[in-house]
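Structural characterization, general
Here is how the chains run, residue by residue.
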Amino acid sequence: MKMYILVKDSVPEGFAILAAAHASLATYLKFKADKDTQEWVSGPFYKVICKVNAKEFEKAKTFENHVVLTESALNNTEVAIAFKPRLEWPKPFQFYKLYK
């Protein structure tokens, strides 16, 4: 069981770290009543943070159960998208690059 957080590759590193932290909490709060989220948070609660381009980001928004984060300091630009924890993921998630 893991949560995926996708951060746009155009976001400066400092904002990316902040976006990932906010995304994790926002997604937990949105889906905390969900049984998969309750199982995930009971531990260990794995998160995968990936860096994606604009096209990958837009495609990811078509998958269900997510939260899109914006950054006010970047003119309310969409910076990250996080997905409710689950066991199985759509195929594109296998190919996203890990954020390093």
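Preceding block: the structure.
Residues numbered from 1 in each chain as written. Predicted model: local features only at pLDDT ≥ 70, side-chain atom pairs only at ≥ 80, totals over all residues. Heavy atoms only, no water.

1. Remarks on the packing of aromatic side chains
Here the distance between the centres and the angle between the planes together describe a pair of aromatic rings. Counted according to the given criterion, the structure contains eight aromatic pairs. Taking 5.0 Å as the distance between ring centres and 75° as the angle between the ring planes, the aromatic pair formed by tyrosine 4 and phenylalanine 93 counts as edge-to-face. Note that tyrosine 4 is positioned in strand E1 (residues 2-8) and phenylalanine 93 in the loop between strand E4 (77-83) and strand E5 (97-98), a separation of 89 residues in sequence. Looking at tyrosine 4, the relative accessible area reads 9%, which means it is buried. (Phe/Tyr/Trp six-rings, centres within 6.5 Å; stacked < 30°, edge-to-face > 60°. Helix = DSSP H or I, 4+ residues; strand = E, 2+ residues; numbered from the N terminus. Buried < 20%, exposed > 50% of the residue type's maximum accessible area, 1.4 Å probe, protein only.)

2. Things to note about helix H1 (residues 13-31)
The end-to-end C-alpha distance of H1 is 27 Å, a good match for the 27 Å that 19 residues give at a rise of 1.5 Å each. Check the buried side of H1 and you find it contacts E1, helix H2 (35-41), strand E2 (46-52), strand E3 (66-71) and E4. (Expected span 1.5 Å × (residues − 1). Contact = heavy atoms within 4.5 Å.)

3. Some thoughts on the environment of tryptophan 89
Its place among the elements puts tryptophan 89 in the loop between E4 and E5. Apart from residues no more than four positions distant in its own chain, tryptophan 89 is found in contact with Lys2, Met3, Tyr4, Phe83 and Lys84. One polar contact links the side chain of tryptophan 89 to the main-chain carbonyl oxygen of arginine 86, over a distance of 3.2 Å. (Polar contact = N/O pair within 3.5 Å; in protein donor to acceptor, adjacent residues only side chain to side chain.)

4. What about the sheet that holds E1?
The strand order across the open sheet formed by five strands is E3-E4-E1-E2-E5, and the pairing between neighbours is mixed. Only two strands of the sheet have a single neighbouring strand rather than two, namely E3 and E5. The sheet contact formed by E2 and E5 spans two bridges and is antiparallel. Bridging from a neighbouring strand, cysteine 50 pairs with leucine 98 of E5. Its contacts with the sheet put H1 on E1, E2, E3 and E4, and the angle it makes with E3 is roughly 140°. (Pairing = 2+ DSSP bridges. Axes fitted to C-alpha atoms, helices over the stretch in contact; angles between N-to-C directions.)

5. Topic: the pattern of salt bridges
Where side chains of opposite charge bring their charged atoms close, a pairing between them can arise. Within this structure, the stated rule accounts for five salt bridges. For lysine 35, the salt bridge identified is with aspartate 36, shortest N-O distance 3.6 Å. Accessibility expressed as a relative area gives 65% for lysine 35, which makes it exposed. Salt-bridge contacts for lysine 84 lead to aspartate 36; the nearest nitrogen and oxygen are separated by 3.3 Å. A residue pair is termed long-range when its members are at least 10 positions apart, and lysine 84 in the loop between E4 and E5 and aspartate 36 in helix H2 qualify at 48 residues. According to the relative accessible area criterion, lysine 84 is buried, its value standing at 6%. In the salt-bridge network here, residues are joined through shared partners; they are Asp34, Lys35, Asp36 and Lys84. (Salt bridge = Lys/Arg side-chain N within 4 Å of Asp/Glu carboxyl O.)

6. So, the nonpolar core
Counting 16 residues, the largest nonpolar core has Ile5, Val7, Val11, Ala23, Leu69, Val79 and Ala80 as its most contacted members. Elements supplying a minimum of two residues to this core: E1, H1, E3 and E4. Counting residues per element, this core draws most heavily on H1, which supplies five residues. In contact with isoleucine 5, other than residues within four places in its own chain, are Ala20, Ala23, Ser24, Lys47, Val48, Ile49, Cys50, Ile81 and Ala82. If you look at the next biggest cluster of nonpolar residues, it comprises 13 residues, including Cys50, Val52, Phe63 and Tyr96. (Core = buried A, V, L, I, M, F, W, Y, C linked by side-chain atoms within 4.5 Å.)

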